[in-house]
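Chain residues, written in single-letter form:
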Amino acid sequence: MIENRGLWLDDTSVSTSINNTFGGSNSFLNTATGIYRKTSATTTTISTAMNNDGLVEIQNGVLELGGGGTHSGDFVMSGPGVLSVTGGTHNFLVDSSITGNN
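Attention in this report is confined to the structure presented alongside it. Keep in mind it's a predicted model, so treat the numbers as computed, not measured.

For the rest of this paragraph, the subject is the environment of glycine 81. By secondary structure assignment, the location of glycine 81 is in the loop between β11 (74-77) and β12 (82-85). Between the alpha carbons of glycine 81 and threonine 39 there is a distance of 8.2 Å; along the sequence they are 42 residues apart.

In structure tokens, the structure reads:
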């Protein structure tokens, strides 16, 4: 499992993925104190379950969620940032919100 408790800055210059290629637990947890911030104009694909209890900011590019997850935190898109839900079952709990232009 990958657990983010602080700031995860996704500013890569190429499209990337977070997956379970090497085995083990297959989830990404953005904790209540975690901020996942995407600033590059590329696509990041998270193909494992992503559970968001904190804040996901998509300022640029595409964040693609392909492995399901449970979300009590917020997703905020600004500028040309896009959230794309492409696979798995996603449960957006009552405390979560999705805001932005895209």
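One finds Ile18, Phe28, Tyr36, Ile46, Met50, Val56, Ile58, Leu63, Leu65, Phe75, Met77 and Leu83 forming the largest nonpolar core, which totals twelve residues. Put simply, the parts of the chain that give this core at least two residues each are β8 (55-58), β9 (62-65) and β11. What isoleucine 18 contacts, discounting residues up to four positions off in sequence, is Ile2, Trp8, Phe28, Thr45, Ile46, Ser47 and Thr48.

This part takes up the packing of aromatic side chains. By the definition in use, this model includes four aromatic pairs. Pairing tryptophan 8 with tyrosine 36 gives two aromatic rings, centres 6.1 Å apart and planes at 25 degrees, and the pair type is stacked. With tryptophan 8 in strand β2 (residues 7-10) and tyrosine 36 in strand β5 (residues 35-38), this pair connects stretches of sequence that are 28 residues apart. By relative accessible area, tryptophan 8 is classed as partly exposed at 29%. Aromatic side chains phenylalanine 28 and tyrosine 36 sit 5.9 Å apart centroid to centroid with 85 degrees between the ring planes, which places their arrangement in the edge-to-face category. Note on tyrosine 36: relative accessible area 0%, which makes it buried. One aromatic cluster is present, built from ring pairs that chain together Trp8, Phe28 and Tyr36.

Attention shifts here to the pattern of salt bridges. Overall, the coordinates contain two salt bridges when judged by the stated rule. A salt bridge links glutamate 3 to arginine 5; the shortest N-O distance between them is 2.6 Å. On the basis of relative accessible area, arginine 5 is assigned to the exposed category, the value being 58%. Of the charged contacts, one joins arginine 37 and glutamate 57 as a salt bridge, the two residues approaching to 2.4 Å between their closest N and O atoms. Of this pair, arginine 37 sits in strand β5 while glutamate 57 sits in strand β8, and the two are 20 residues apart along the sequence. A relative accessible area of 23% places arginine 37 in the partly exposed class.

Once that is clear, we can look at the sheet that holds β2. One open sheet holds the five strands; their spatial order is β2-β5-β8-β11-β14, and the pairing between them is parallel. On the outer flanks of this sheet lie β2 and β14 (97-99), each paired with one strand and no other. Between one strand axis and the next, the sheet turns by 10 degrees as a mean value, whatever way the strands run. Bridge analysis of β5 against β8 gives four bridges, and the strand direction is parallel. Bridging from a neighbouring strand, arginine 37 pairs with glutamate 57 of β8.

Calculation rules
- Residues numbered from 1 in each chain as written.
- Predicted model: local features only at pLDDT ≥ 70, side-chain atom pairs only at ≥ 80, totals over all residues.
- Heavy atoms only, no water.
- Helix = DSSP H or I, 4+ residues; strand = E, 2+ residues; numbered from the N terminus.
- Core = buried A, V, L, I, M, F, W, Y, C linked by side-chain atoms within 4.5 Å.
- Buried < 20%, exposed > 50% of the residue type's maximum accessible area, 1.4 Å probe, protein only.
- Contact = heavy atoms within 4.5 Å.
- Phe/Tyr/Trp six-rings, centres within 6.5 Å; stacked < 30°, edge-to-face > 60°.
- Salt bridge = Lys/Arg side-chain N within 4 Å of Asp/Glu carboxyl O.
- Pairing = 2+ DSSP bridges.
- Axes fitted to C-alpha atoms, helices over the stretch in contact; angles between N-to-C directions.

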